[in-house]
Amino acid sequence: ISFYGEAFGEPTIPSEVEIGLLLRSPNAHGSTNRSFSINLGNRSYSSNDLYLRDSFTTSVVARNIFYK
């Protein structure tokens, strides 16, 4: 998880969140190993097996962080 914030002339308050999700199939598929390598955020992941994998990444901005 990475946090980013922007403020001009004031302390930085995190207002954006980046979310990375890596999914793996529940069962092995086929008979040939698949090579997979990805960087999600500040982590890297690699594998060479029979599982299928897919990744999703999104960024969201926190709303109403200035209201108390």
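For the structure itself, look to the data block above.
Since we're looking at a predicted model, the values are computed, not measured. The written sequence of each chain sets the order in which its residues are numbered from 1. Local features are withheld for residues below a pLDDT of 70 in this predicted model, meaning they are given only at 70 or higher, and side-chain atom pairs are given and counted only at 80 or more; totals for whole chains, interfaces and linings count all residues. Hydrogens and water molecules were not included; the side-chain quantities draw on all heavy atoms of the structure.

**Student:** Describe the packing of aromatic side chains, listing the residues and the values that go with them.
**Tutor:** In this scheme Phe, Tyr and Trp rings, the latter by its six-membered ring, pair at centre separations within 6.5 Å, and the angle between planes marks the pair as stacked below 30 degrees, edge-to-face above 60, and tilted otherwise. With the rule as written, the count across this model stands at 0 aromatic pairs. For R24, the ring lying beneath its charged end belongs to Y51, and the centroid distance is 3.9 Å. Charge-over-ring contacts are defined here by two conditions on Lys NZ or Arg CZ: a distance within 6 Å of the ring centre and an angle within 35 degrees of the ring normal.

**Student:** Describe the pairing of strand β4 (residues 43-49), and please don't skip the residues or the numbers.
**Tutor:** Strand direction decides the pairing type here: strand β3 (residues 34-40) and β4, joined by 7 bridges, are antiparallel. Across the sheet, the residue bridging to L40 is R43, located in β4. Only when DSSP finds a minimum of two bridges between them are two strands counted as paired. Each helix is a run of DSSP H or I of at least 4 residues and each strand a run of E of at least 2, with the numbering of both proceeding from the N terminus. In textbook terms, the turn of a hairpin is the stretch between consecutive antiparallel strands, and for β3 and β4 this stretch comprises 2 residues, one of which, G41, has a positive phi near 65°.

**Student:** Provide a residue-level description of the environment of L52, including the pertinent values.
**Tutor:** Among the secondary structure elements, L52 is positioned in the loop between β4 and β5 (53-61). It is 7.4 Å that separates the C-alpha atoms of L52 and A28, two residues lying 24 residues apart in sequence. Not counting residues up to four positions away in its chain, the partners in contact with L52 are L23, R24, S25, H29 and R34. Note on contacts: a residue pair is in contact if any heavy atoms of the two residues lie within 4.5 Å.

**Student:** Kindly report on the side chain of S47, identifying the contributing residues and their values.
**Tutor:** Secondary-structure assignment places S47 in strand β4. A relative accessible area of 13% places S47 in the buried class. Think of a polar contact as two N or O atoms within 3.5 Å of one another; within protein, one of them needs to be a possible hydrogen donor and the other a possible acceptor, and neighboring residues in sequence only count if both atoms come from side chains. Of note is the side chain of S47, whose polar atom sits 3.0 Å from the side chain of R53. Leave out the neighbours within four places in its chain, and S47 touches R34, S35, F36 and R53. Each residue is placed in one exposure class: buried if its accessible area under a 1.4 Å probe, protein chains only, is under 20% of its type's maximum, exposed if it is over 50%, and partly exposed if it falls in between.

**Student:** Explain the pattern of salt bridges to me, and be specific about the residues and the numbers.
**Tutor:** Charged atoms that come close allow side chains of opposite charge to pair. Salt bridges are defined by distance alone: a side-chain nitrogen of Lys or Arg within 4 Å of a carboxyl oxygen of Asp or Glu. Tallying each qualifying case throughout the model produces 1 salt bridge. For R53, the salt bridge is made with D49, and the minimal N-O distance between the two is 2.8 Å. The residues R53 and D49 share a single accessibility class, namely buried.

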